[in-house]
Amino acid sequence: MSEKIFIFDTTLRDGEQSPGATMNIHEKFRLAQQLVKLRVDVIEAGFPAASPGDFECVKNIADNIRGAQIAALCRCNVKDIDTAWQAIKNGENPRIHTFLATSPIHMQHKLRLTPEQVLEKATAMVAHAARYTSNVEFSAEDASRSDLDFVCRVFEAVIQAGATTLNFPDTTGYALPDEYGAQIRYLMEHIPSIDQAVLSVHCHNDLGLAVANSLAAINNGARQVECTINGLGERAGNTAMEEVVMILRTRAERAGLHTDIVTEHIYPTSRLVSTITGMPVQPNKAIVGANAFLHESGIHQDGVLKERSTYEIINPKDVGISTSNIVLGKHSGRHALRDKVAEMGYSSLSEDELNRVFARFKVVADLKKEMFEEDLEAIIMDEVLRVPESFKLLHLGAMSGSRSLPTAAVKLLVAGEEKETASLGIGPIDATFRAIAQLTGTTSKLLYFSVSSITGGTDAQGEVMVRIEDNGKVVVGQGADPDIITAAAKAYLTGLNRLEYLKKESKRSE
Ligand code: KIV
Ligand code: ZN
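Residues numbered from 1 in each chain as written. Chains lettered and ligands numbered in written order. Predicted model: local features only at pLDDT ≥ 70, side-chain atom pairs only at ≥ 80, totals over all residues. Heavy atoms only, no water.

(A) View of the environment of Val464. Position of Val464 among the secondary structure elements: in strand β17 (residues 462–470). Placed 15 residues apart in sequence, Val464 and Gly479 show a C-alpha to C-alpha distance of 5.4 Å. Excluding residues within four positions of it along the chain, Val464 makes contact with Phe449, Ser450, Val451, Gly477, Gln478, Gly479, Ile484, Ala487, Ala488 and Ala491. (Helix = DSSP H or I, 4+ residues; strand = E, 2+ residues; numbered from the N terminus. Contact = heavy atoms within 4.5 Å.)

This is the structure:
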């Protein structure tokens, strides 16, 4: 019989540690809702002791989300553990996830503790956490570079103290699959009470081996995989959830293991994460990359037309990629839109959100002949992930050409007051950004700018992604419109509105 692998999603915690991938409270909540739809077993919602903002995000998720266990990360000290518990105590089967390093490098240089002190601290703090809940996970940070007999001693002691999940992270992404698999086997064979706990793995991708290592681990007895959507995470990232899940599903006959993930929600979730974090997915990324199901060579195209399985091992529909892509036209009504949006995995939109999406849809459908799923998705993201607008675009006129000086005239609503100006620039987008900067008075720096076309054809919507920084705070902004200068202005303003929102939020939590 196929055994279940528990999926522990850490996109909201380790994923957010990707440089520049910060998410606000609404975005985190939206993602948590989507993770429930995917049917992950555990959502690691954050690290409550890290800041008041983190605490609030985790609490908001724990208080309101049902359908998955909610975990909070904490260091091995009383204050962190107490704070984590305060954040998650109203959650569904809340999990305290506490960690302490066990490798000689970390114990000596970072913790400045002897192995005996580490053992004692881990045991005492797990016992403290277990007073709150029987759902306690202990992670031996940098486990793969630790002495295995020492890890066995620590794991046995924390099981006795109340831990029910033991995590063996490859924190630095150093392990090789055969080696990591053998380490897991060793633990399975040398921890006397291992049958009283679930062994978990958490791999980083520094050598591009996170998925391979996770697979080796579950083939040797681990039963929980910690992973993120799109493989986001600290440095080179974590194990990509979509890859592990689809490996187990596609090669079920060999793996003999399964997850509860509803794979049809994988692609919408990947797009949601990419839009929220401003981290594009590389086109050749397995499972969710734009090219993952495209066949370029004529021989391949011919083969697939004759029999899909000649060159396709996964049906794109199984991961939520629809192939008949034209969805709606300008005469489609609100009802059709609601059905389509739900079919795409966004069934939790409120009436107000749906109304805004419908209004935008009508405007874009008037300009374009055909609306594709990607067009609709860009509108949904734009409307649903919106933060309160401190700055609102009222009018934009830009001029450029091979002989004229690029100019932009912009009118904004700034704190309820109409303001307008005109600016010159290197190109029309530069001129537009200068005018917006002048009207908003922003001192932020533009770190990243990208334009892409959402679908093919000259009538396609342009999608612009920006990343901006102000006083150490980095946010992303995205905007979509058939006119790319308007899309760029929208993206810039979304970013600026997010910065304003962050400033107000941090003042509020001071
Ligand atoms: O990489 C790591 O070791 C971690 C732990 C905190 C689980 O993220
Ligand atoms: Zn990690």
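From this point, the narrative continues.
(B) Region of interest: the pairing of strand β2 (residues 6–9). Sheet analysis places β2 next to strand β9 (residues 224–227), joined by four bridges and oriented parallel. Counted as the bridge partner of Ile7 is Val225 from β9. The pairing of β2 with strand β3 (residues 42–46) spans two bridges and is parallel. In the sheet register, Phe8 faces β3, and the bridge partner there is Val42. (Pairing = 2+ DSSP bridges.)

(C) Structural context of helix α8 (residues 210–219). In terms of residue burial, α8 counts as a mostly covered element, since seven of its ten residues are buried. Among all positions in α8, only Ala210, Val211, Asn213, Ser214, Ala216, Ala217 and Ile218 are buried. Contacts from the buried residues of α8 go to β7 (165–170), α7 (177–190), β8 (198–203), β9, α9 (241–250) and β10 (257–258). Looking one or two residues beyond α8, the residue adopting positive phi is Gly221, at roughly 125°. (Buried < 20%, exposed > 50% of the residue type's maximum accessible area, 1.4 Å probe, protein only.)

(D) Looking closely at the sheet that holds strand β16 (residues 445–453). Sheet architecture is open: three strands sit in the order β16-β17-β18, paired in antiparallel fashion. What marks the edges here is a single partner per strand, and that holds for β16 and β18 (473–481). For this sheet the average axis-to-axis angle between neighbouring strands, irrespective of direction, equals 15°. With eight bridges joining them, β16 and β17 adopt antiparallel strand pairing. Note that in β17 the partner of Leu446 across the bridge is Ile468. Contacts from helix α11 (residues 266–277) reach β17 and β18, with the element oriented near 120° to β18. (Axes fitted to C-alpha atoms, helices over the stretch in contact; angles between N-to-C directions.)

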